[in-house]
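What follows is the residue order along each chain.
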Amino acid sequence: MADETAPSTSATPRPPAALTTAPGYQVRRLYQAYLAVWIRAVDPLLTGPQFAVLQVVDASPGHDQRSLASAVALDTSTMTDVARRLEKRGLIVRRTAADDGRRKLLYLTEEGKHTLDDANRRARLLDEQLLEPYGPQQRDDITHLLASLADHWEQLTEDG
């Protein structure tokens, strides 16, 4: 009698349709692949959330951490951690608001501007690679669909 508990030595199993047809599974696959190419193509030390914070601080210098967290879809505790890490690296400065000692206003340093410029250039090249199989209209459609999906999923978290 054969041992039916012995592992199979055949090829790696394929994911079942219950996974491959689930949008969350595909989003997770995309995100894992994106992280891997981000590290190689953009910056092995600068995380996506850190890059997003640098982007929003550059676009809105002197705004407080809480409002900037909302702009980049981070909760306030994560934003605080990201801002502290960026400050330790010398990429931003956090200044206490004159009217409220609890509010921290964020500004890019010269090193932060340089780091952001370099990362931005590489990120735009990565964007081109990621969407290379698609023409300009399809790229716009994909970006629109992804933004629409993100908006919808975020709304689901708020409807709780």
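Not measured: the values here are computed from a predicted model. (Residues numbered from 1 in each chain as written. Predicted model: local features only at pLDDT ≥ 70, side-chain atom pairs only at ≥ 80, totals over all residues. Heavy atoms only, no water.)

### So, the environment of Glu128
For step 1, the next point in the chain: Take Glu128: it is sitting in helix α6 (residues 110–130).
For step 2, the next point in the chain: Note: C-alpha distance between Glu128 and Arg139 (11 residues apart in sequence) is 9.6 Å. (Helix = DSSP H or I, 4+ residues; strand = E, 2+ residues; numbered from the N terminus.)

### Some thoughts on the nonpolar core
For step 1, the next point in the chain: Counting residues in hydrophobic clusters, the biggest one holds 25 residues, and the most contacted among them are Val53, Leu54 and Leu86.
For step 2, the next point in the chain: Those elements that provide at least two residues to this core are α2 (23–41), α3 (48–59), α4 (65–71), α5 (76–88), β2 (100–108) and α6.
For step 3, the next point in the chain: Among residues more than four places away in sequence, those in contact with Val53 are Val72, Leu74, Met79, Val82 and Leu86. (Core = buried A, V, L, I, M, F, W, Y, C linked by side-chain atoms within 4.5 Å. Buried < 20%, exposed > 50% of the residue type's maximum accessible area, 1.4 Å probe, protein only. Contact = heavy atoms within 4.5 Å.)

### Some points on the environment of Asp141
For step 1, the next point in the chain: With respect to the secondary-structure elements, Asp141 resides in helix α7 (residues 136–159).
For step 2, the next point in the chain: Judged by its relative accessible area of 37%, Asp141 falls in the partly exposed class.
For step 3, the next point in the chain: A sequence separation of 92 residues divides Asp141 from Pro49, and the C-alpha atoms of the two residues are 24 Å apart.

### Overview of the packing of α2 against α6
For step 1, the next point in the chain: Where α2 meets α6, the closest approach of the two axes is 10 Å, and the angle between their N-to-C directions is 135°. Between α2 and α6, the crossing angle belongs to the class labelled oblique. You can see that α2 and α6 cross each other, and the crossing is right-handed. In contact with Tyr34, Val37, Trp38 and Ala41 of α2, α6 contributes Arg122, Ala123, Leu126 and Leu130.
For step 2, the next point in the chain: Split into classes, the residues belonging to the contact of α2 with α6 amount to seven nonpolar, no polar and one charged. (Axes fitted to C-alpha atoms, helices over the stretch in contact; angles between N-to-C directions. Parallel < 35°, antiparallel > 145°, perpendicular 65-115°, else oblique. Left-handed = near helix turned anticlockwise from the far one by under 90°. Nonpolar A, V, L, I, M, F, W, Y, C, P; charged D, E, K, R; others polar.)

### Section: the pattern of salt bridges
For step 1, the next point in the chain: With the rule as written, the count across this model stands at nine salt bridges.
For step 2, the next point in the chain: For Asp81, the salt bridge is made with Arg85, and the minimal N-O distance between the two is 3.0 Å. Residue Asp81 and its partner Arg85 are located together in helix α5, separated by four residues, close to a single helical turn.
For step 3, the next point in the chain: Using a relative accessible area of 36% as the deciding quantity, one classes Asp81 as partly exposed. (Salt bridge = Lys/Arg side-chain N within 4 Å of Asp/Glu carboxyl O.)

### Structural notes on the pairing of β2
For step 1, the next point in the chain: Of the strand pairs in this sheet, strand β1 (residues 92–97) and β2 are connected by six bridges, and their pairing is antiparallel. Bridged to Arg94 within β2 is Leu106.
For step 2, the next point in the chain: Connecting the antiparallel pair β1 and β2 is a turn made up of two residues. (Pairing = 2+ DSSP bridges.)

### As for α6
For step 1, the next point in the chain: With 21 residues, α6 extends 30 Å from end C-alpha to end C-alpha; this agrees with the ideal 30 Å at 1.5 Å per step.
For step 2, the next point in the chain: Along its buried surface, α6 packs onto α2, α3 and β2. (Expected span 1.5 Å × (residues − 1).)

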